[in-house]
Amino acid sequence: MSEINLVEAINLALKHEMEHDSKVVVLGEDVAVNGGVFRATQGLLEKFGEDRVVDTPLAEVLIGSMSYGLAVSGYKPVAEIQFSGFIFSTMDTVYNHASRIRNRSRGRMSCPMVLRSPSGGGIHAPEHHSESPEAFFAHIPGIRVVYPSSPLRAYGLLLAAIRDSDPVIFLEPTRLYRLFKQEVQDDGEAMPLDVCFIDREGTDITLVSWGAMMHETRLAADKLAEEGISAEVIDVATIKPLDMNTILKSVEKTGRCVIIHEAPRCAGFGAEIAANLAELGLMSLFAPVRRVTGYDVVMPLAKLEKTYLPSVERILTAAKETITYE
């Protein structure tokens, strides 16, 4: 077992599945010769050849459609969209075809395709490179939306996504690609989809997040602990379908909840969680549910990026106001 970062965990999972399943193919812009813009696919071309690791033209519409065609023909394509700001060109394929083929064919056909994409800000990228589009895809019936927050979960969840018989949007937190390392064993053990992970247990307040914002959420929980406040931290991990039961059980215990995400506030996925808490968990709440989010503006360029991203301080303020609410 070795310590690796998140992008290395992605690479490890891809290698494992390609070695054990000849139907798994990788495609996308610069994924073969260059090993991907973040080197997530580095070394795959040399190991598996150009028939299974394919450099495509700079055309996301083609990447989405080609993946769908491969998937319904018996392959398991794992496509890379270089940045999530470019993933919207695949929406026609994802919404009108990939997500519907099981229903359209009355269960005779499935679509085991994975669309991987770096997601979120914090890396001083130019425009169209820092979006957080999870709420867009969560609205589409028939697909899964997965958003890991650590190397260990990236490895296990990507294995599960590739093995799943339905389409998966796999968003990778760009800011965490090389931020920290974790011990990951290349044992082929997939992590379960459709469940939230209890990152740490607590009794006073529930902090709910996913993707890159789990980093700040964990730091905020550490700060709260120093002040004698016990925070339960939940990593949503699979955005769609949402495991609301785990969140409800946590709030039954703590009575308070703060939801943290990087995407804009309006119709962000945190609103769905808050609505479910109001509908199903109202009698457990001692205070209104709070959201700490990005702002309803275009992700600003490098100089203002930190102002946009939810900070540890903003999370702490929301948590303390929730705890002291009367």
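Below, the structure is looked at part by part. (Residues numbered from 1 in each chain as written. Predicted model: local features only at pLDDT ≥ 70, side-chain atom pairs only at ≥ 80, totals over all residues. Heavy atoms only, no water.)

1. Concerning the sheet that holds strand E10 (residues 205-209)
Argument step 1. A sheet is described by the order of its strands in space; here 5 strands give the open sequence E9-E11-E10-E13-E14, paired in mixed fashion. A strand with exactly one partner marks an edge of an open sheet, and here the two such strands are strand E9 (197-200) and strand E14 (290-294). Strand-to-strand twist in this sheet, taken as the mean axis angle between neighbours without regard to direction, amounts to 25°. (Pairing = 2+ DSSP bridges. Helix = DSSP H or I, 4+ residues; strand = E, 2+ residues; numbered from the N terminus. Axes fitted to C-alpha atoms, helices over the stretch in contact; angles between N-to-C directions.)

2. As for empty space enclosed by the protein
Argument step 1. In the structure shown here, the tally under the stated rule is 3 cavities of 30 Å³ or more.
Argument step 2. Estimates place the volume of the largest cavity at around 60 Å³.
Argument step 3. Taken together, Ala125, Pro126, Glu127, His128, His129, Ser130, Glu131, Val298, Met299, Pro300, Leu301 and Glu305 form the lining of the largest cavity.
Argument step 4. Broken down by class, the residue content of the lining of the largest cavity amounts to 6 nonpolar, 3 polar and 3 charged.
Argument step 5. Its volume calculated, the second largest cavity comes out at about 40 Å³.
Argument step 6. Along the walls of the second largest cavity sit Ser132, Glu134, Tyr147, Trp210, Gly211, Ala212, Met213, Glu262 and Ala263, which together make up its complete lining.
Argument step 7. Of the residues that constitute the lining of the second largest cavity, the class distribution is 5 nonpolar, 2 polar and 2 charged. (1 Å grid on protein atoms, 1.4 Å probe; cavity = no way out; pocket = protein on both sides within 12 Å on 5 of 7 lines; lining within 4 Å. Points joined across faces, edges and corners; volume = space filled by probe spheres on them. Nonpolar A, V, L, I, M, F, W, Y, C, P; charged D, E, K, R; others polar.)

3. Digging into helix H3 (residues 60-72)
Argument step 1. In a regular helix each residue adds 1.5 Å, so 13 residues correspond to 18 Å; H3 covers 19 Å between its end C-alpha atoms and thus fits that length.
Argument step 2. Taken together, the buried positions of H3 are Glu60, Ile63, Gly64, Ser67, Tyr68 and Ala71. Mapping the buried residues of H3 onto a view down its axis gives an arc of 130°, with all of them on the same face.
Argument step 3. Of the surrounding secondary structure, the elements contacted by the buried residues of H3 are strand E2 (24-28), strand E4 (76-80), helix H4 (91-98) and helix H5 (101-104).
Argument step 4. Immediately downstream of H3, the backbone of Gly74 shows phi near 105°, a positive value. (Expected span 1.5 Å × (residues − 1). Buried < 20%, exposed > 50% of the residue type's maximum accessible area, 1.4 Å probe, protein only. Arc of directions from axis to C-beta. Contact = heavy atoms within 4.5 Å.)

4. Structural notes on the packing of H3 against H4
Argument step 1. One can describe the packing of H3 onto H4 by two numbers: an axis separation of 8 Å at closest approach and a directional angle of 30°. If you check the angle between H3 and H4, you find them roughly parallel. The segment H3 lies against H4, with Gly64, Ser65 and Tyr68 engaging Thr93, His97 and Ala98.
Argument step 2. Tallied by class, the residues present in the contact of H3 with H4 amount to 2 nonpolar, 4 polar and no charged. (Parallel < 35°, antiparallel > 145°, perpendicular 65-115°, else oblique.)

5. A word on the packing of aromatic side chains
Argument step 1. Tallied over the full model, the rule gives 6 aromatic pairs.
Argument step 2. Centroid distance Phe83 to Phe86: 6.3 Å. Interplanar angle 85°. Geometry classified as edge-to-face.
Argument step 3. The exposure class of Phe83 is buried, given its relative accessible area of 8%.
Argument step 4. Seen in terms of ring centroids, Tyr295 and Tyr308 are 6.2 Å apart; in terms of plane orientation they differ by 75°. Their pairing is edge-to-face. (Phe/Tyr/Trp six-rings, centres within 6.5 Å; stacked < 30°, edge-to-face > 60°.)

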